[in-house]
Amino acid sequence: MKHKVKVTVIDKKLYPELQKKYCSNPEAGACPCYNVGDEFVFYRDGERDDFWHMGINTLTKTEGDPDAVAGGPKMPFCSEAWDAISRYIYAGIEGSSIMRSWMKDENTMIACCSDGTRPVIFRIERIDYTDEGSAEEGSTQ
């Protein structure tokens with residue numbers, strides 16, 4: 001059994017009152033690195049090691065310009081997002097439970113980056129599959 005991890009952007013928040021109060025650019029707006037609905041798939045096998053490349057070229061679905069999305073072909077994941085979600089990605093691609101006893105499905109975690117004025121919220125899912133390539137969803141969702 002092999003394991004891959006799917007990361008999906010499920011929401012983006014914006015707190016303009018905090019940006020106005022604390023940011024050097026009070027009109028910075030929402031995170032420009034990700035779009036709601038963006039999907040990424042991480043592999044770690046003999047051919048690919050997406051984890052050690054900070055997710056560059058893991059983007060599989062976007063409504064935006066792939067070249068402008070972190071995790072697309074030109075940019076690795078944003079460092080704030082990577083710091084928050086990389087531990088769950090690593091656990092998943094190694095076949096471990098991502099979040100036992102906290103989430104309904106131990107192979108799924110909901111996490112967000114640490115940008116306090118414009119956080120991005122991610123769903124991280126471990127997916128188990130065989131060498132033949134057939135995927136068995138690690139999530140019940």
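The shown structure was predicted, so the numbers you read here are calculated from the model rather than taken from an experiment.

## Quick notes on the pattern of salt bridges
Piece 1. Under the defined criterion, the tally for this structure stands at 10 salt bridges.
Piece 2. Of the charged contacts, one joins Asp115 and Arg118 as a salt bridge, the two residues approaching to 3.1 Å between their closest N and O atoms.
Piece 3. Residue classification places Asp115 among the partly exposed residues on the basis of a relative accessible area of 23%.
Piece 4. Put simply, Lys6, Glu39 and Lys61 are held in one network by salt bridges that share partners.

## What to know about the environment of Glu80
Piece 1. By secondary structure assignment, the location of Glu80 is in helix H2 (residues 79-93).
Piece 2. Accessibility expressed as a relative area gives 37% for Glu80, which makes it partly exposed.
Piece 3. Note: C-alpha distance between Glu80 and Val120 (40 residues apart in sequence) is 9.8 Å.
Piece 4. Each residue touching Glu80, except ones within four places of it in the same chain, is listed here: Cys113 and Ser114.

## A few points about the packing of aromatic side chains
Piece 1. Under the criterion given, the structure shown has 11 aromatic pairs.
Piece 2. Summarising the aromatic geometry, the rings of Phe51 and Tyr90 are spaced 5.0 Å apart at their centres and angled 55° between planes, so their arrangement reads as tilted. With Phe51 in the loop between strand E2 (39-42) and strand E3 (59-61) and Tyr90 in helix H2, this residue pair connects regions lying 39 residues apart in the sequence.
Piece 3. With a relative accessible area of 33%, Tyr90 lands in the partly exposed category.

Analysis parameters
Sequence order as written defines the numbering, with residues in each chain counted from 1. The model is predicted, so local features are restricted to residues of pLDDT at least 70 and side-chain atom pairs to those at 80 or more, both for listing and for counting; the totals for chains, interfaces and linings are taken over all residues. The basis for every side-chain value is the complete set of heavy atoms in the structure, and neither hydrogens nor water enter the calculation. A pair is scored as a salt bridge if a Lys or Arg side-chain nitrogen falls within 4 Å of a carboxyl oxygen belonging to Asp or Glu. The rule is simple: take the accessible area with a 1.4 Å probe, protein chains only, and divide by the maximum for that residue type; under 20% is buried, over 50% is exposed, in between is partly exposed. Secondary structure is summarised from DSSP: a helix means a run of H or I of at least four residues, a strand means a run of E of at least two, and numbering begins at the N terminus for each. Should any heavy atoms of two residues lie within 4.5 Å, those residues are counted as being in contact. Only the six-membered ring of Trp is used, alongside the rings of Phe and Tyr, when aromatic pairs are assigned; centres must lie within 6.5 Å, and planes under 30 degrees apart are stacked while those over 60 apart are edge-to-face, with the rest tilted.

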